[in-house]
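In case you want the letters, here they are:
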Amino acid sequence: MALLPILEFPDPRLRTKAVPVDPARVADPAFQRLLDDMFETMYAAPGIGLAASQVDVHQRFMVIDVTEDKSRPLVFINPEITARAGEQVYQEGCLSVPGIFADVTRANEITVRALDRTGAPFELHVDGLLAVCIQHEMDHLEGRLFVDYLSPLKREMVRKKLAKQRRHAAA
């Protein structure tokens, strides 16, 4: 397994809309290795979700594990939200926007349909943190970031703060 580089805001590649994964590709050992590398990258970051778009693979899949002990790794290939209910405000962060957190309003409950890591279809009805995480990662697959929910002024402040952090890290 290998750690993958995570794209960071404002990298324009994060705005690329992901294309569906060919279901025949799911069994490919290279695709399975990529899933393992994404989990390793997400856990090392540390994070609870990682969309393929964040590692410069612009296909519709993501990995998630919201458990404290990292015991429930989930793979969503070609995910689609089929139902939404309620509303919640959650303070979100993002591996592509390191060190920045902001309140984002999302659906409290969702139903999502996808393929698992073996290519088998499944459907989940979830709420709370897992619902937030799925919506957040699906935004990445659409070329959106959680900072897009902020005002233009706050988004510009985030961009400047990250640029300053990069300059200090390079010095």
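Located above this text is the structure these notes cover.
Rules of the game
Position labels on residues start from 1 in each chain and follow its written sequence. Thresholds applied to this predicted model are a pLDDT of at least 70 for local features of residues and 80 or more for the giving and counting of side-chain atom pairs; totals over whole chains, interfaces and linings are not thresholded and use all residues. As a rule here, side-chain values cover all heavy atoms of the structure and leave hydrogens and water aside. Under the scheme used here, helices are H or I runs from DSSP no shorter than 4 residues and strands are E runs no shorter than 2 residues, and both carry numbers assigned from the N terminus. Based on C-alpha atoms, the radius of gyration is set beside the globule rule, defined as 2.2 Å times the residue count to the power 0.38. Here the term buried applies to any residue with accessible area under 20% of the maximum for its type, exposed to any over 50%, and partly exposed to those in between, with areas from a 1.4 Å probe on protein chains only. The contact rule is simple, with two residues in contact once any of their heavy atoms fall within 4.5 Å. Note on areas: these come from Shrake-Rupley sampling with a 1.4 Å probe, and a residue is covered only by the protein chains present in the view. Note on charges: Lys and Arg go in the positive column, Asp and Glu in the negative column, and His and the chain ends are not counted at all. We put the charge of a Lys on NZ, of an Arg on CZ, of an Asp on CG and of a Glu on CD. Pairing of aromatic rings covers Phe, Tyr and Trp, the last through its six-membered ring, and needs centres within 6.5 Å; plane angles under 30 degrees mean stacked, over 60 mean edge-to-face, and all others mean tilted. By definition here, a salt bridge exists when the distance from a side-chain nitrogen of Lys or Arg to a carboxyl oxygen of Asp or Glu is within 4 Å. Here, any two strands with at least 2 DSSP bridges between them count as paired. Every axis corresponds to a line fitted to the C-alpha atoms, with the helix fit spanning only the stretch in contact, and the corresponding angles, defined between N-to-C directions, vary from 0 to 180 degrees.

When you go through the protein chain residue by residue, the secondary structure sums to 3 helices and 7 strands. In the protein chain, the order of α-helices and β-strands from amino to carboxyl end is α-β-β-β-β-β-β-β-α-α. In terms of overall size, the protein chain behaves like a compact globule, its C-alpha atoms giving a radius of gyration of 16 Å where 171 residues would be expected to give roughly 16 Å. When the backbone C-alpha atoms are referred to their principal axes, the protein chain occupies close to 45 × 40 × 30 Å. Sorting the 171 residues of the protein chain into buried and exposed places 44% on the buried side. Within the protein chain, counting contacts between residues at least 6 apart in sequence, those at least 24 apart form 66% of the total. Of the roughly 8700 Å² of accessible surface on the protein chain, a fraction of 55% belongs to carbon and sulfur atoms. On the protein chain, the mean spot of the 21 positive side-chain charges and the mean spot of the 24 negative ones are 8 Å from each other.

Our focus in this paragraph is the packing of aromatic side chains. Working definition: an aromatic ring pair is given by the centre-to-centre distance plus the angle between the planes. Within this structure, the stated rule accounts for 3 aromatic pairs. Consider the rings of Phe-39 and Tyr-43, whose centres lie 5.9 Å apart with planes at 25°: the pair is stacked. Here the residue Phe-39 and the residue Tyr-43 both occupy positions in helix H1 (residues 29-44), the gap between them amounting to 4 residues, near one helical turn. Classification of Phe-39 as buried rests on a relative accessible area of 7%.

The subject of this paragraph is the pattern of salt bridges. Under the counting rule described, the total for this entry stands at 12 salt bridges. Between Arg-15 and Asp-148 there is a salt bridge, with its nearest N and O atoms 2.6 Å apart. Taken together, the residues span a long stretch of sequence, with Arg-15 in the segment before H1 and Asp-148 in the loop between helix H2 (128-141) and helix H3 (152-170) at a distance of 133 residues. For Arg-15, a relative accessible area of 36% gives the class partly exposed. Since its relative accessible area comes to 27%, Asp-148 is described here as partly exposed. The partner of Arg-113 in a salt bridge is Glu-123, with the nearest N and O atoms 3.6 Å apart. Taken together, the positions of Arg-113 in strand E6 (residues 109-115) and Glu-123 in strand E7 (residues 121-127) put the pair 10 residues apart, joining distant regions of the chain. Members of the salt-bridge network, linked through shared partners, are Glu-92, Arg-106, Asp-139 and Arg-144.

What follows deals with the sheet that holds strand E1 (residues 49-51). One open sheet accounts for 5 strands, arranged E1-E2-E3-E6-E7; its pairing is antiparallel. Since the sheet does not close on itself, it has two edges, and those belong to E1 and E7, each with one partner. When the angles between neighbouring strand axes are averaged without regard to direction, this sheet yields 40°. Relative to E7, E6 runs antiparallel, the two sharing 7 bridges. Of the residues in E7, the one forming a bridge with Leu-115 is Pro-121.

In short, shape yes, function no, at least from these values alone.
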